[in-house]
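Listed here are the chains, written in short residue letters.
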Amino acid sequence: MLYCLREAGFSTRVYEAGDGVGGVWYWNRYPGARCDIESIYYNYTFSKELYQEWTWTSKYPAQDEILRYLNHVAEKFALRRDIQFNTRITAAHFDEANNRWTLQLDDGTNVTAKYFISGVGCLSAANLPNFKGLNRFKGQWYHTGKWPKEKVDFTGKRVGVIGTGSSGVQAIPVIAKEANHLTVFQRTPQYTIPARNYGYDPEFIKQTKEDFEEVKRLMRESSTGSGLLIRNVSALSDPPEKRQQVYEKAWAEGGFALTSAYYDLFINEEANKTAADFIRSKIKEIVHNPEVAEKLLPDYYFGTKRPILDTDYYETYNRENVTLVDVKKEPIVEITSNGIRTKESEYKLDILVFATGYDGMTGPLFKIDIRGKDGVKLKEKWEEGSKVRTYLGLATEGFPNFFMITGPESPSVLVNMPSAIEQHVEWIADCLQFLREHEVETIEPTLEVEEAWSKHCREVAETTLYVKTDSWYTGANIAGKPRSFLIYLGGFDNYKHKCNEVAAAGYDGFTLSPIKALH
Ligand code: NA7
């Protein structure tokens, strides 16, 4: 965003809570952290030169490699000079008297801006469940999303991990190899698929760089925003033996081959069951102890919590130094000075890892006291009637000149994030140039288009199985959070087309107030 706005001649300042760039890849330094989108699609496409000069080492690179890439980008485009690090924005209020945003920084100073653009991400507000007694714990404890820069040494330690989402599933096998003993506290068992990561060979990289235009086209024009193509075949049209072969091949290939094997896995219960049964059979095959395997069997619709890619996750439960505790059957009562006490026992721990996820989508925005016209708080607007309402996930009525990169009700986390980010960034940059050229003072969507977009988002979500499962996509992982499906599921290509149409029609659905109207 900074690069685009600078290129367009806008005076731009970025505020960042961390002491470096990288966002999610800056904070998530936990052991085993890596991307689960193929690296050749997990980068920017705005610069061909950047694509040619950066070489990924493997299909799913680890966190430190992605962070190096983002630092390289910051360096190459001299971005740091306009970023103020170690600074959190605590409040952002729109002042109607002069149509400006006042941003309050945590160092006590204020800044004024015509436009306020949020790049806070979808998963940056860590969820630390309110367990009784954490303050008494004598050991060290960490949240995966706020991992320290210094290496945490698990050698010889008794470690507890709470949570088995993407973060827990990545961390657990790595910690198990180092720790004296690992106890995993699982609330919901997950479906995870082997990543089968491998190092890229130079010939493949050379070819990919030559194919940059095609990579860019797939990232910008496909329904997933990446090279992952969903097969246009129903899981129910193949006879069971054929389907089994398809799943076996996808399992052997690893990655999201299985999720994209049939187009109806996430919309049809029967189709979904075929994939869910297949993965459950794999769990029973891999895990030697049948009682442990039983605890690991998920029973919700496959894929309706974020599908996970792992390296040796289920295999880890065959290790002698790993214990699995099912906290639905044996709830955590409290954290003691020595560990965790459940209804049935006390587990002595030296280190406790919270892999308990995030207050997704709206959480990062609500950490800032955002107030629009008439002093209305964004949180209050979106909690009224339990309804988040945005237009295209880019803007919201009553909050003029405020834009969200990958905001709620955009495709964001359910497509390739770098593609989603670039598309929003370019749309916003184009919009700001249009406003400047047409001497527009403020822009905000009408209530009518916003209501229609939110309704459309909900209707699309309701045609899928996603809405039938409690997950962070629906807000169900946070106590008291209103339920609404916060992501647009209609496909990145369709979504982008809609955004482009709106722009081409002179920002149809937005109210544009001319500068002269002020005088
Ligand atoms: P997730 O996917 O939200 O996983 C969080 C995990 O923590 C999940 O297993 C939760 O169980 C568990 N959890 C949360 N609160 C508790 C409490 N109070 N007690 C026990 N267990 C709890 O977060 P991740 O960081 O793993 O991944 C986030 C995203 O990053 C992921 O979707 C990818 O897009 C990348 P639950 O399932 O809610 O029962």
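Here the structure is shown first, and the text comes after it.
Values in this document were obtained by computation on a predicted structure and should not be read as measured data.

Parameters and conventions
- Residues numbered from 1 in each chain as written.
- Predicted model: local features only at pLDDT ≥ 70, side-chain atom pairs only at ≥ 80, totals over all residues.
- Heavy atoms only, no water.
- Helix = DSSP H or I, 4+ residues; strand = E, 2+ residues; numbered from the N terminus.
- Polar contact = N/O pair within 3.5 Å; in protein donor to acceptor, adjacent residues only side chain to side chain.
- Disulfide = S-S within 2.5 Å.
- Buried < 20%, exposed > 50% of the residue type's maximum accessible area, 1.4 Å probe, protein only.
- Phe/Tyr/Trp six-rings, centres within 6.5 Å; stacked < 30°, edge-to-face > 60°.
- Core = buried A, V, L, I, M, F, W, Y, C linked by side-chain atoms within 4.5 Å.
- Expected span 1.5 Å × (residues − 1).
- Arc of directions from axis to C-beta.
- Pairing = 2+ DSSP bridges.
- Axes fitted to C-alpha atoms, helices over the stretch in contact; angles between N-to-C directions.
- 1 Å grid on protein atoms, 1.4 Å probe; cavity = no way out; pocket = protein on both sides within 12 Å on 5 of 7 lines; lining within 4 Å.
- Points joined across faces, edges and corners; volume = space filled by probe spheres on them.
- Near = heavy atom within 4 Å.
- Areas by Shrake-Rupley, 256 points an atom, 1.4 Å probe, with all protein chains shown as cover.
- Nonpolar A, V, L, I, M, F, W, Y, C, P; charged D, E, K, R; others polar.
- Contact = heavy atoms within 4.5 Å.
- Parallel < 35°, antiparallel > 145°, perpendicular 65-115°, else oblique.

### Things to note about the side chain of arginine 280
Inference 1: For arginine 280, the position within the fold is in helix 9 (residues 269-286).
Inference 2: Separated by 2.8 Å, the side chains of arginine 280 and aspartate 277 make a polar contact.

### Looking at the state of the cysteines
Inference 1: Per the counting criterion, the structure on display carries zero disulfides.
Inference 2: For cysteine 431, which is in no disulfide, the shortest distance to another cysteine sulfur is to cysteine 499 and amounts to 11 Å.
Inference 3: Note on cysteine 431: relative accessible area 0%, which makes it buried.
Inference 4: Here cysteine 457 is not cross-linked by a disulfide; its sulfur's nearest cysteine counterpart is in cysteine 499, at 11 Å.

### Some words on the packing of aromatic side chains
Inference 1: The full count for this structure, using the stated rule, is 45 aromatic pairs.
Inference 2: Look at tryptophan 427 and tyrosine 507: their rings are 5.3 Å apart centre to centre, the planes differ by 80 degrees, and that puts the pair in the edge-to-face class. In this pair, tryptophan 427 is assigned in helix 14 (residues 417-437) and tyrosine 507 in the loop between helix 16 (492-504) and strand 20 (510-514), connecting sequence segments 80 residues apart.
Inference 3: The class of tyrosine 507 is buried, set by a relative accessible area of 5%.
Inference 4: Here the aromatic residues Tyr191, Phe266, Tyr300, Phe302, Tyr466, Trp472, Tyr473 and Phe485 are joined through ring pairs into a cluster of three or more.

### Some words on the nonpolar core
Inference 1: Counting 148 residues, the largest nonpolar core has Leu258, Ile279, Tyr317, Ile370 and Trp427 as the members making the most contacts within it.
Inference 2: In terms of residue count, the dominant contributor to this core is helix 14 (ten residues).
Inference 3: Counting residues in each nonpolar core, the second largest holds 13 residues, with Phe185, Ile332, Ile335 and Tyr347 among its members.

### A word on helix 16
Inference 1: Compared with the 18 Å implied by 1.5 Å per residue over 13 residues, the 18 Å span of helix 16 between its first and last C-alpha is a close match.
Inference 2: Of all the residues in helix 16, the buried ones are Phe492, Tyr495, Lys496, Cys499, Val502 and Ala503. The buried residues of helix 16 occupy an angular sector of 120 degrees when projected down its axis, which confines them to one face. Opposite the buried face of helix 16, at more than 90 degrees from it, the exposed residues are His497 and Ala504.

### Describing the sheet that holds strand 13 (residues 332-335)
Backbone-to-backbone hydrogen bonds join strands into a sheet, with any given pair of strands oriented parallel or antiparallel.
Inference 1: With respect to topology, three strands assemble into an open sheet ordered 13-14-15, the strand pairing being antiparallel. With partners counted over all chains shown, the strands left at the sheet margins are strand 13 and strand 15 (346-348), one partner each. Strand-to-strand twist in this sheet, taken as the mean axis angle between neighbours without regard to direction, amounts to 20 degrees.
Inference 2: Across three bridges, strand 14 (residues 339-342) lies against strand 15 in antiparallel orientation. Each residue of the ladder has a partner; that of arginine 341, found in strand 15, is glutamate 346.

### Focus: empty space enclosed by the protein
Inference 1: The final tally for this structure, using the stated rule, is two cavities of 30 Å³ or more.
Inference 2: In this structure, the largest cavity occupies an estimated 80 Å³ of space.
Inference 3: Lining the largest cavity, in full, are Ile40, Asn43, Leu50, Tyr51, Trp54, Thr55, Trp56, Ile205, Thr208 and Lys209.
Inference 4: Sorting the residues of the lining of the largest cavity by element identifies helix 3 (48-53) and helix 6 (202-210) as the ones contributing at least two each.

### Regarding the layout of surface pockets
Inference 1: Here the second largest pocket defines a volume of roughly 290 Å³.
Inference 2: What lines the second largest pocket is a set of 18 residues, and nearest its centre among them are Arg29, Tyr30, Pro31, Gly32 and Lys151.
Inference 3: Of all the secondary-structure elements, those providing two or more residues to the lining of the second largest pocket are helix 4 (63-76) and helix 5 (166-178).
Inference 4: Top contributing element to the lining of the second largest pocket by residue count: helix 5, with three residues.

### Details of the pairing of strand 12 (residues 322-326)
Inference 1: Among the five residues that make up strand 12, four are buried, leaving the element largely enclosed by the rest of the structure.
Inference 2: Inspection of the sheet shows strand 9 (residues 181-186) paired to strand 12 by five bridges, in the parallel sense. For phenylalanine 185, the partnering residue across the bridge sits in strand 12 and is valine 325.

### Quick word on the site of the ligand
Inference 1: The ligand sits among 19 residues. The nearest are Ser166, Ser167, Arg187, Thr188 and Lys305.
Inference 2: For the ligand, an oxygen atom lies 3.5 Å from a polar atom in the backbone of glycine 165.
Inference 3: Alone, the ligand offers 770 Å² of accessible surface; in the complex the protein occludes 85% of this.
Inference 4: Its residues assigned to classes, the shell around the ligand comprises seven nonpolar, nine polar and three charged.

### With respect to the environment of threonine 55
Inference 1: Structurally, the position occupied by threonine 55 is in the loop between helix 3 and helix 4.
Inference 2: The partly exposed category is assigned to threonine 55, whose relative accessible area is 41%.
Inference 3: Apart from residues lying up to four places away in sequence, threonine 55 is in contact with Glu65, Ile205 and Lys209.
Inference 4: Polar contacts involving the side chain of threonine 55 include one to the side chain of lysine 209, which spans 2.7 Å.

### A look at the sheet that holds strand 7 (residues 140-143)
Inference 1: Spatially, 7-16-8-9-12 is the arrangement adopted by the five strands of the open sheet, whose pairing is parallel. Single-partner strands in this sheet number two, and they are strand 7 and strand 12. Sheet twist, expressed as the average angle between the axes of neighbouring strands with direction ignored, equals 15 degrees.

### Points about the packing of helix 14 against helix 16
Inference 1: Axis separation between helix 14 and helix 16 bottoms out at 11 Å; the angle between their running directions is 5 degrees. Relative to helix 16, the element helix 14 lies roughly parallel. Contacts between helix 14 and helix 16 involve Ser419, Ala420, Gln423, His424 and Trp427 from the former and Phe492, Tyr495, Lys496, Cys499, Asn500, Val502 and Ala503 from the latter.
Inference 2: Along the lines of polarity and charge, the residues of the contact of helix 14 with helix 16 split into seven nonpolar, four polar and one charged.

### Quick notes on the side chain of threonine 188
Inference 1: For threonine 188, the location among the structural elements is in the loop between strand 9 and strand 10 (192-194).
Inference 2: Apart from residues no more than four positions distant in its own chain, threonine 188 is found in contact with Thr164, Tyr300, Lys305 and Lys328.

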